[in-house]
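# Structure assessment
Below, each chain spelled out in residue letters.
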Amino acid sequence: MEVPDDILSLILERIDSHISLIRSAAVCKRWRCTIASTDFLCRYRSHHSSAIAGNYHYDTPAQSSLMGSHAKVRRGVGPVFVPSSPSIHTRHFTLDFLPGMIDFPRHWKIQDSRGSLLLMHHEGPYPLPHRRPDMFVCEPLTRCYRRIPPPSYYNDDIYILWGSYLIDGADNHISFSNFRVMCLFIRLHNGYFSFTTIFNEPGGAGSSWSDKTIGDAEPLLPGMSFLGCSKDSRHFYAMDGILATLNKSTGEFSTSLMPSTEDWSGWKKYNRNVSVIDSSDGATRIIFISEDNSAKVFARLGGGEWALERSVLLSEVTCGLSGYQPSFFNHRLCISTNGPGFVILTTQPAAPWFFSIDLETMKVALAASDMGRIVYQCELPWPPALKVCLGN
């Protein structure tokens, strides 16, 4: 009890386990007041990443063109949660609390995730009176959800909703009472014109929409295609080797150049052969599948340029996997799923054959074919809902 407040704070900031920190808050009122303070929690978040509960895989129907004319087409069952460890109970992250999810799961689509929140679109089992889906933000663990009122021009025919994303609220923190939703629109009037709209929910006090430009990325928006996520960003390929990055903490776009060693002039936006993802060490990587089916991993140098870090020829490293056929590599492989530290590739246009690549070791292994193409990461709610104890 004789430890000064500033030294006590430094000690508590070094507790790695979130569970241990919550237990520390129960030691005495002084420790609880220290841990519950906004300044302490902000510093703690900067030193320790949130615990990952698992991933939501958007399960989509198999394409009959890839499975043969007599193959059974599997119906989509909506978002599927895969826990990060056996200690995480899947039942805590089911989405059956959303209206209509049990009867019509395919009409709910996850658009984005941030922290413990999911941004979802609901298209309804029957034609809606308006042209675009309803937007909802939900927190699976607490089974809370909120419909996001659309802006006044949301259903105007001259506006195309290009994408919607969850952005941090006040103090670079996100929670169910402190978030923003960014919508990217393309306005069809005398050519293409793009702008963004942000939904503000500061401390749960109210909501409002405000227009905001996206700087250098604005003229690139109509041609951009999604490349993947890193811890705090979403990445898009624009044109001529330009990488556009959306910072999900600030809602700001930035642009940079893709690896200069590759020719991006003929790259088509629908070719799924490049992804930007986090590696196990927390650094951002680019994985590129070249025309000869080599997997190339690029890492940033100190100055921000991308350099080739490692490369493998996929036809050689996969030959020992069950189901391998040399003919699979007569065509360029494509990335089916990407997540922190790994990608899953599949063959096209032959019968689908899925395998994963560990970006750190470049080891390959067979992968399940029903993981779904998009992975949304869900974190445990943080910081804890602690209140300062008053009185002695």
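Cut-offs used in this document
Residues numbered from 1 in each chain as written. Predicted model: local features only at pLDDT ≥ 70, side-chain atom pairs only at ≥ 80, totals over all residues. Heavy atoms only, no water. Axes fitted to C-alpha atoms, helices over the stretch in contact; angles between N-to-C directions. Helix = DSSP H or I, 4+ residues; strand = E, 2+ residues; numbered from the N terminus. Left-handed = near helix turned anticlockwise from the far one by under 90°. Contact = heavy atoms within 4.5 Å. Nonpolar A, V, L, I, M, F, W, Y, C, P; charged D, E, K, R; others polar. Pairing = 2+ DSSP bridges. Buried < 20%, exposed > 50% of the residue type's maximum accessible area, 1.4 Å probe, protein only. Arc of directions from axis to C-beta. Core = buried A, V, L, I, M, F, W, Y, C linked by side-chain atoms within 4.5 Å.

## A short note on the packing of helix α1 (residues 5-13) against helix α4 (residues 38-47)
The contact between α1 and α4 brings their axes to 10 Å, and the two run at 35 degrees. In this structure, α1 meets α4 at a crossing whose hand is right-handed. Contacts from Ser 9, Leu 12 and Glu 13 in α1 reach Phe 40, Arg 43, Tyr 44 and His 47 in α4. Looking at the contact of α1 with α4 residue by residue, the classes come out as three nonpolar, two polar and two charged.

## Structural notes on the pairing of strand β13 (residues 242-247)
Taken together, the five bridges between strand β12 (residues 233-237) and β13 define a ladder with antiparallel strand orientation. In the sheet register, His 235 faces β13, and the bridge partner there is Thr 245. Counting the residues in the hairpin turn of β12 and β13 gives four residues, including Asp 240, whose phi is positive at 50 degrees. Where β13 lies against strand β14 (residues 253-257), five bridges are found, and the strand directions are antiparallel. By the bridge assignment, Ile 242 is partnered in β14 with Leu 257. What sits between the antiparallel neighbours β13 and β14 is a turn of five residues, in which Gly 251 has the positive phi angle 80 degrees.

## A word on the side chain of Thr 318
Tracing the sequence through the fold places Thr 318 in the loop between α6 (314-317) and β19 (334-339). Of the residues examined, Thr 318 reaches a relative accessible area of 0% and is grouped as buried. Other than its neighbours up to four places away in sequence, Thr 318 contacts Tyr 324, Phe 329, Trp 353, Phe 355 and Val 364.

## With respect to the sheet that holds β19
Taken in spatial order, the four strands line up as β19-β20-β21-β22 in an open sheet, and their pairing is antiparallel. Two strands close off the open sheet at either side, each with one partner strand: β19 and β22 (364-366). When the angles between neighbouring strand axes are averaged without regard to direction, this sheet yields 30 degrees.

## Comments concerning α4
When α4 is considered as a whole, its buried residues turn out to be Phe 40, Leu 41 and Tyr 44. Down the axis of α4, the buried side of the element spans an arc of 95 degrees, and every buried residue falls inside it. For α4, the exposed residues set more than 90 degrees away from the buried face come down to Thr 38, Asp 39 and Ser 46.

## Examining the sheet that holds β12
With antiparallel pairing, four strands are arranged side by side in an open sheet as β11-β12-β13-β14. Two strands in the sheet have a free side with no partner beyond their single neighbour: β11 (225-230) and β14. Taken over all neighbouring pairs, the strand axes of this sheet differ in orientation by 25 degrees on average, direction set aside.

## A few points about the nonpolar core
Grouped together as the largest cluster of nonpolar side chains are 20 residues, with contacts concentrated most on Ile 287, Leu 314, Leu 345, Phe 355 and Ile 357. If we ignore the near neighbours within four places in the chain, the residues touching Leu 314 are Ile 289, Asn 293, Ala 295, Phe 329, Leu 333, Leu 345, Phe 355 and Ile 357.

## Some words on the pairing of strand β16 (residues 284-289)
Of all six residues in β16, five are buried, a share of seventy percent or more. Where strand β15 (residues 274-278) meets β16, five bridges bridge the pair, whose relative direction is antiparallel. Pairing of Asp 278 across the sheet is with Thr 284, part of β16. Where β16 and strand β17 (residues 294-300) come together, five bridges link them in antiparallel fashion. Bridging across to β17, Ile 289 finds its partner in Ala 295. Where β16 folds back on β17, the antiparallel hairpin that results is connected by four residues, among which Asn 293 adopts a positive phi of roughly 60 degrees.

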